[in-house]
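Chain residues, written in single-letter form:
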Amino acid sequence: MKSMSSENDDSQPLINKVVAFDFTETGRGNAVTEDVRRGDVLLEIPLSRCFSLESAQKSEMLTKAMAKAAAAAAGTRFTPTHDQYMAMFILLEQNLGKQSSHYEHILSIPKAYDLPLFWSEEERQRSLLFGTTTYAETLALDEEVIQDYELLKHHLGEDFFREQNITMDRFKWVRATLWSRQCDLLRPAPESTRLRVLVPEFDMFNHSSKVPLGSSHKLNYSRGLVTAFATANVPKGEQAYISYGSGEASSSKLLLWYGFAPLNEGENPFEQLDVTLTSQCSADRAECLKQALFASAQVYLRKIDSEWEEKKKRVVDENDKNEESMKYEGDAYLPMVVNVLHAPNDGESGEFIVRHSLPENNPLTSSLLAYARIQFLTEQDCRNPEIVARMLNSCSKLPPPMPTTTSSSSLPYDEYIMDDANEVGALATTVSLLESIRKNQPWFETPEESERLAQDDSNPDFHARCTARVRGVEKRIVEKASTEARRRLHFAIQACLRKSFSIRDGFCGHCDVCKQSGCPWVHVLAQKDGAVQSESSRSSRVAISGIEDMLPLRAHLQVLNVCFLWMTGHVRTSEQVNDDSSEPEVKSAELLARAKSHEKTWPMREDDPMNERSVLACDSLDALAAQGLDGSNGEPNAHNGEEGEMLLPGAYNRILRNWSSQLFSQLTTSHIFSLSDANAIAQESSALRKRHALSVPTSEALAEINKYSPVLEMCCGSGLWSRRLHEIGCDVTSYTSSLFDDDVRDVRWFDSTMTCEDEKAVVVAETLARHKTLVLMWIDKGGEGNRGLDMVQCYEGDTLILVGEWSDRTYGSYVSFLPESGASFSKPFQKYVEENFSLVNEVPVGNWPMYDASLRVWKRREPFRPKTP
């Protein structure tokens with residue numbers, strides 16, 4: 001150990017228990033010269049030996065040059081930044097050689113750096129750095145170096161740069177020196193400001209993410225010393241580490257500033273993803289943003305600090321530690337979750353640039369939510385003091401806690417948000433933002449695959465391993481943030497629905513108007529229709545916020561079914577059911593089993609059964625849409641509908657999403673929807689069912705029918721199912737009837753569809769002679785008549801395929817305007833089939849709101865005995 005005989009001699013460290021050494025894994029670092037224990041002082045360096053702005057401003061040559069430049073720049077205001085001043089100082093000191101008081105320190109500084117800034121573009125692309133935040137910031141640093149160099153060269157003069165041999169390469173080197181070797185030290189209170197210095201010998205310490213923050217070094221301001229401590233027991237000759245601090249300890253920042261990523265340390269608690277957002281703001285919105293971002297950051301950091309103090313107290317209590325030993329546990333990790341990079345001046349409009357840092361341990365920060373909430377306000381809202389006050393109140397609180405179960409979601413949710421419309425809209429736009437970031441990440445491996453590449457010790461390409469670590473971390477963080485944003489969006493939707501359908505006032509059902517309409521809420525709906533329409537501008541903002549595409553199809557179908565069931569008086573929340581024992585629990589459960597298809601937004605009781613057929617059908621249709629195979633991208637073959645008309649299932653998917661978003665957005669603003677809009681949706685649904693198909697074909701349903709090819713579809717309507725069957729190679733013969741012409745507006749989606757008058761004769765001829773399987777869909781209009789029965793009684797085949805509702809599962813048992821046994825097949829038809837056939841399979845199909853059909857395959861119980869030889 002070196003020790004000074006006098007503290008006034010600043011040429012050497014006061015205490016030094018480390019020596020520079022080249023380690024295999026980390027490169028050059030500090031090894032301890034003796035066994036040390038945690039808390040031992042490893043190094044003490046006087047501030048007078050450090051490169052600092054204070055020492056730079058004492059340089060006579062630099063001070064004169066800067067003063068001359070400032071005088072020559074009269075009117076243009078030349079004020080060099082801290083790093084610009086420091087860079088010039090170090091270069092001038094380097095030129096002095098042995099005459100410089102920093103000579104030994106300069107000799108110890110690396111002659112070259114392996115930062116991404118110095119990689120060629122080919123190397124950046126080859127190592128797959130492209131697309132990461134490190135890549136974007138590297139390009140920004142490259143541009144910054146060039147701009148700073150040209151700026152200083154312009155103001156200090158080309159002659160000065162030539163005389164001092166300040167080239168672009170040297171300037172780039174010194175900037176990299178500052179980025180990778182400066183440290184921030186905190187002056188004590190009351191000043192509590194940061195001092196940025198280059199500390200000799202100390203700058204050889206390497207970083208470890210295992211070192212607690214704030215435990216490895218500090219500024220002893222009264223003595224003018226920088227002190228480094230051992231953060232663990234370290235044997236002689238082994239490496240001692242420090243922490244580079246929370247803002248620079250993520251994998252992306254370590255690679256950017258220092259040229260490495262923590263590959264062999266396991267989890268890095270300081271991982272974060274930076275997201276920079278730019279928007280044009282009015283003066284009012286900019287002021288709202290400033291206040292909201294500050295308030296949200298403060299409450300978030302207070303929470304972290306409070307949790308940290310509680311943890312330290314718990315550790316002390318549980319492990320019988322004293323407060324002195326707890327100092328080695330370090331400080332709380334307080335990430336800079338938000339940083340306003342540029343904002344308009346007070347009272348002015350302009351560009352607002354903010355960087356959000358999303359920590360991996362809590363990536364959906366309150367600041368990001370505050371930003372989204374403010375951005376979702378209208379300009380009129382931003383000028384309304386009452387609305388702004390409510391918004392700032394919500395931003396000054398942490399995001400509402402998420403319940404673990406539906407039944408436990410009676411939390412005071414409204415206390416945490418401004419209103420349902422703003423919260424849903426803000427969360428929806430946040431999900432869209434995060435999904436956009438995720439999709440724009442141009443690599444395809446999963447975070448787990450990236451991490452495996454990073455940990456592959458057999459790979460000699462260190463750059464590739466580091467960039468793999470960064471890619472995996474950034475993808476993992478954005479996925480976590482997106483998942484959490486979706487979870488909160490689902491809860492916000494669920495809370496809004498529950499609130500909307502918990503109303504009690506206005507329920508009637510006894511008067512002639514209610515009985516005739518089948519809606520016990522008709523008076524309330526009619527009374528509030530105008531108020532709902534007056535909020536159309538706000539509800540439209542919610543509708544176009546992204547909820548239409550970011551929710552699965554089954555969530556949209558669920559919203560529509562719940563809305564229409566509520567209109568009939570059959571939807572009541574768990575609290576209402578529990579308060580009213582006259583409501584039959586079994587009947588409620590059976591009915592809601594038709595409507596529940598998305599658990600995460602289900603507003604009723606947690607134990608309500610799920611309609612698994614709706615789940616499977618909707619997920620299948622979503623999968624087709626994702627692959628572009630549902631007709632939404634155009635039909636491969638022409639049809640005789642209107643130009644550009646989308647067919648099923650693509651049209652069904654898009655239309656249901658639109659309807660649901662329309663009604664739900666009204667619920668967010670008014671907690672009730674428009675009666676006229678609901679009626680328009682019901683009318684449009686009826687027209688579309690007739691024009692296209694009464695059930696929506698899924699790929700599984702079509703494949704099931706194809707198993708029994710060749711098939712005969714009778715009363716095929718517009719021929720949509722036959723068209724889709726033909727496209728997958730099924731041998732299908734389809735017949736329609738003139739009876740259907742009015743319903744389908746004379747459209748024919750399948751060119752080979754034929755018209756017949758004697759349907760029984762066709763069934764006998766096609767199935768007996770050609771052995772075709774009979775397929776019937778919604779054969780009896782409104783569930784009445786003998787049309788289907790006549791055909792099935794003359795059918796001699798063994799297999800019968802039916803698509804439609806069945807009496808064991810319909811909404812008609814509860815809703816007055818729907819047939820109790822279903823609107824697809826008459827009661828005699830269903831009775832005949834059940835007596836003569838056995839159900840062997842059931843496959844889900846897509847359903848329009850308030851219908852619960854499926855595809856059923858029946859096998860004859862006994863061989864058919866024809867009446868004639």
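This one's a predicted model, so the numbers in the text were calculated from it and none came from an experiment. (Residues numbered from 1 in each chain as written. Predicted model: local features only at pLDDT ≥ 70, side-chain atom pairs only at ≥ 80, totals over all residues. Heavy atoms only, no water.)

## Focus on empty space enclosed by the protein
- Scanning the entire structure with this criterion turns up three cavities of 30 Å³ or more.
- Estimated volume of the largest cavity: approximately 80 Å³.
- Taken together, Phe376, Leu377, Thr378, Asp381, Met418, Asp419, Ala421, Asn422, Arg538, Arg541 and Val542 make up the full set of residues lining the largest cavity.
- Ranked by residue count, the leading element in the lining of the largest cavity is helix H20 (residues 536–550), at three residues.
- Of the residues in the lining of the largest cavity, the class split is five nonpolar, two polar and four charged.
- Of the volumes computed, that of the second largest cavity is approximately 50 Å³.
- Lining the second largest cavity we find Ile493, Ile547, Leu551, His556, Val559, Ser660, Ser661 and Phe664.
- Among the elements of the structure, helix H21 (553–567) and helix H25 (650–670) are those that each provide at least two residues to the lining of the second largest cavity.
- If you tally residues by element for the lining of the second largest cavity, the top one is H25, at three residues.
- Partitioned by chemical class, the residues of the lining of the second largest cavity number five nonpolar, three polar and no charged. (1 Å grid on protein atoms, 1.4 Å probe; cavity = no way out; pocket = protein on both sides within 12 Å on 5 of 7 lines; lining within 4 Å. Points joined across faces, edges and corners; volume = space filled by probe spheres on them. Helix = DSSP H or I, 4+ residues; strand = E, 2+ residues; numbered from the N terminus. Nonpolar A, V, L, I, M, F, W, Y, C, P; charged D, E, K, R; others polar.)

## A few points about the confidence of the model for the protein chain
- For the protein chain, mean pLDDT is 89; residues scoring 70 or higher make up 91% of the total.
- In this model, residues 1–8 is a region of pLDDT below 50 whose contacts with residues beyond four sequence positions or in other chains number 16 contacts.
- Low pLDDT (under 50) marks residues 406–410, which in the prediction has 11 contacts with non-local residues, meaning those over four places away or in another chain. (pLDDT = per-residue confidence, 0-100. Contact = heavy atoms within 4.5 Å.)

## Quick look at unusual backbone geometry
- Along the chain, Leu648 connects to Pro649 via a cis peptide bond; the corresponding omega equals 5°.
- For Pro649, the position within the fold is in the loop between helix H24 (612–626) and H25.
- That bond from Ser709 to Pro710 is cis: its omega, 5°, falls within 30 degrees of zero.
- Within the secondary structure, Pro710 sits in the loop between helix H27 (699–706) and strand E16 (711–714).
- A positive phi angle is found at His771, which is not glycine, with a value near 55°.
- Position of His771 relative to the elements: it lies in the loop between helix H30 (759–770) and strand E19 (773–777).

## Brief notes about the sheet that holds strand E15 (residues 350–359)
- The sheet built from three strands is open, its strands ordered E13-E15-E14 with antiparallel pairing. The open sheet has two free edges, formed respectively by strand E13 (272–281) and strand E14 (338–342), since each of these has just one partner strand. With strand direction ignored, the average angle separating the axes of adjacent strands in the sheet is 20°.
- Strands E13, E14 and E15 of the sheet are contacted by helix H12 (residues 366–375), whose axis makes an angle of about 20° with E13. (Pairing = 2+ DSSP bridges. Axes fitted to C-alpha atoms, helices over the stretch in contact; angles between N-to-C directions.)

## Considerations on the packing of aromatic side chains
- Scanning the entire structure with this criterion turns up 20 aromatic pairs.
- Centre to centre, the rings of Phe825 and Phe829 are 4.9 Å apart; their planes meet at 15°, and the pair counts as stacked.
- Judged by its relative accessible area of 1%, Phe825 is buried.
- Linked through ring pairs, Phe501, Phe507, Trp521, Trp566 and Phe673 together constitute an aromatic cluster.
- Lying over the aromatic face of Tyr851, Arg689 brings its terminal NZ or CZ to 4.0 Å of the ring centre. (Phe/Tyr/Trp six-rings, centres within 6.5 Å; stacked < 30°, edge-to-face > 60°. Buried < 20%, exposed > 50% of the residue type's maximum accessible area, 1.4 Å probe, protein only. Lys NZ or Arg CZ within 6 Å of the ring centre and 35° of its normal.)

## Details of the environment of Val340
- Position of Val340 among the secondary structure elements: in strand E14.
- Note on Val340: relative accessible area 36%, which makes it partly exposed.
- Separated by 15 residues in sequence, Val340 and Arg355 have C-alpha atoms that sit 6.3 Å apart.

## Considering the pattern of salt bridges
- A complete count under the given rule lists 56 salt bridges for this structure.
- Two residues, Arg770 and Glu766, come together in a salt bridge whose shortest N-O distance is 3.8 Å. Residue Arg770 and its partner Glu766 are located together in helix H30, separated by four residues, close to a single helical turn.
- You can call Arg770 partly exposed: its relative accessible area is 47%.
- Its salt-bridge partner being Asp852, residue Arg809 comes within 3.5 Å of it at the nearest N-O pair. Here Arg809 is found in the loop between strand E20 (799–804) and helix H32 (827–836), whereas its partner Asp852 is found in the loop between strand E21 (837–844) and strand E22 (854–860), with 43 residues between them in sequence. In terms of burial, Arg809 and Asp852 fall into one category: buried.
- Each of Arg613, Asp808, Arg809, Glu842, Asp852 and Arg856 takes part in a single network of salt bridges with overlapping partners. (Salt bridge = Lys/Arg side-chain N within 4 Å of Asp/Glu carboxyl O.)

## With respect to the side chain of Thr365
- The topology assignment puts Thr365 in the loop between E15 and H12.
- Among the polar contacts made by the side chain of Thr365, one reaches the main-chain amide nitrogen of Leu368 at a distance of 3.2 Å.
- Apart from the residues within four sequence positions on either side, Thr365 is in contact with Val337, Ser357, Leu358 and Pro359. (Polar contact = N/O pair within 3.5 Å; in protein donor to acceptor, adjacent residues only side chain to side chain.)

## Focus: the sheet that holds strand E6 (residues 51–52)
- Spatial ordering of the open sheet is given by E6-E8-E7, a layout of three strands whose pairing is antiparallel. Of all the strands in the sheet, the pair left with one neighbour each is E6 and strand E7 (182–186).
- Of the pairings in the sheet, the one linking E6 to strand E8 (residues 194–198) comprises two bridges and is antiparallel in character. Bridge pairing in E8 places Phe51 opposite Leu198.
- Across the sheet, helix H8 (residues 168–181) lies against E7 and E8, angled at about 45° from E7, the strand it touches most.

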